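Examining the three-dimensional arrangement
Listed below, chain by chain, are the residues.
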Amino acid sequence: MTHCNNIVTIGFDGDDTLWHNESLFSLTQERFRALLSQSADPAALDRRLLEVERANLGVYGYGIKGFVLSLIETAITVTDGRVPARDLQALIEFGKAMLQHPVELLDGVAEVVEALSGRFRLLLITKGDLFDQESKIARSGLAERFHGVEIVSEKDPATYRRVLERHGVDPAGFLMVGNSVRSDILPVLEIGARAVHIPYHITWAHELAEAPADGYLGIGTMRDLPRLLGL
Ligand SMILES: [Mg+2]
């Protein structure tokens, strides 16, 4: 139980930690495969899309709008430029539906965040498109529970150092909670803070990272977090 002693501030990731997100991308990708089933086999299409997304991350950053542009670019490529405009229109509509999809909190999140908000300083640290993330936070009903909200373009050690410094948080008393080993765990351990991993049932290929052998704890659900903190 010593892992979570003397924690003052807890950082929460947003997507797939507080609310469902990757499931929405995964559903859209299924629709994308169906739309282009005449032009590409599903596995080849997935591979091509991931390549395009990775190449575009440095141009668009993370988020739905960049994802839609990558869908369009992939569709153009795999059809040798012959994809009909109505299919491109369908991809644009997929993106709009994602952006307007209701925010669905994960099981236990509302109760746990409320219970912890009186005892710890809570920060929400999420990456992605500013407009979309702000909108999701507003619609989540959780905004009031957090002392600070940080929407960042990348979650690396420098970003975490900067965020903690801005909020006057000592890494020694900071715990990050998130679903991505690559974004929520490894960079946090690197700056001398602690981390708890709560896996989501789907992980985007780009976020896959080899888990370090130790240095952090994993729990099955948000409902297990209060017990780790001695509550
Ligand atoms: Mg996440």
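Residues numbered from 1 in each chain as written. Predicted model: local features only at pLDDT ≥ 70, side-chain atom pairs only at ≥ 80, totals over all residues. Heavy atoms only, no water.

The protein chain is annotated in an unreviewed UniProt entry as Haloacid dehalogenase from Azospirillum thermophilum.

So, about the packing of aromatic side chains. Overall, the coordinates contain 2 aromatic pairs when judged by the stated rule. Relative to Phe146, the ring of Phe12 lies with its centre 6.1 Å away and its plane at 80°, an arrangement referred to as edge-to-face. You can see Phe12 sitting in strand β1 (residues 9–12) and its partner Phe146 sitting in the loop between α6 (130–140) and β3 (148–152), a full 134 residues away along the chain. The ring of Tyr62 carries Lys127 above its face, with NZ or CZ at 4.0 Å from the centroid. (Phe/Tyr/Trp six-rings, centres within 6.5 Å; stacked < 30°, edge-to-face > 60°. Helix = DSSP H or I, 4+ residues; strand = E, 2+ residues; numbered from the N terminus. Lys NZ or Arg CZ within 6 Å of the ring centre and 35° of its normal.)

On to the coordination of the magnesium ion, then. At this site the magnesium ion is bound by Asp13 (OD), Asp15 (O) and Asn179 (OD1), with donor distances of 2.1 to 2.2 Å. For Asp15, a relative accessible area of 14% puts it in the buried group. (Donors = N, O, S within 2.8 Å, 3.2 Å for Na, K, Ca; no water. Buried < 20%, exposed > 50% of the residue type's maximum accessible area, 1.4 Å probe, protein only.)

Turning next to the sheet that holds strand β5 (residues 194–197). Read from one edge of the open sheet, 6 strands run β3-β2-β1-β4-β5-β6, paired in parallel fashion. Each edge of the open sheet is held by one strand with a lone partner, namely β3 and β6 (217–218). Taken together, the 2 bridges between β5 and β6 define a ladder with parallel strand orientation. Within β6, the residue paired with Val196 across the bridge is Leu217. The sheet strands contacting α6 are β2 (121–127) and β3, and the helix crosses β3 at an angle near 150°. Contacts from helix α8 (residues 181–190) reach β2, β4 (174–178) and β5 within the one sheet, and its direction differs from that of β5 by about 155°. (Pairing = 2+ DSSP bridges. Contact = heavy atoms within 4.5 Å. Axes fitted to C-alpha atoms, helices over the stretch in contact; angles between N-to-C directions.)

With that settled, the discussion passes to the nonpolar core. In globular proteins that are soluble, nonpolar side chains generally tend to be buried together. One finds Phe12, Leu18 and Leu225 to be the most contacted residues of the largest nonpolar core, which totals 27 residues. In terms of residue count, the dominant contributor to this core is helix α5 (residues 109–117) (4 residues). Those residues within four positions of Leu18 in sequence are excluded, and the remaining contacts are Phe12, Asp13, Glu104, Leu105, Leu106, Val109, Val113, Leu124, Leu142, Phe146 and Met222. Among the nonpolar cores identified, the runner-up in size contains 17 residues, and Leu24, Phe67, Val68 and Phe94 belong to it. (Core = buried A, V, L, I, M, F, W, Y, C linked by side-chain atoms within 4.5 Å.)

In this model, Asp16 sits at a positive phi of 70°, which is unusual for a non-glycine residue. Here Asp16 is to be found in the loop between β1 and α1 (22–35). Positioned with a positive phi, Asp80 is a non-glycine residue whose angle comes to about 55°. Within the secondary structure, Asp80 is located in the loop between α3 (64–78) and α4 (85–99). On the accessibility criterion, Asp80 (59% relative accessible area) is exposed.

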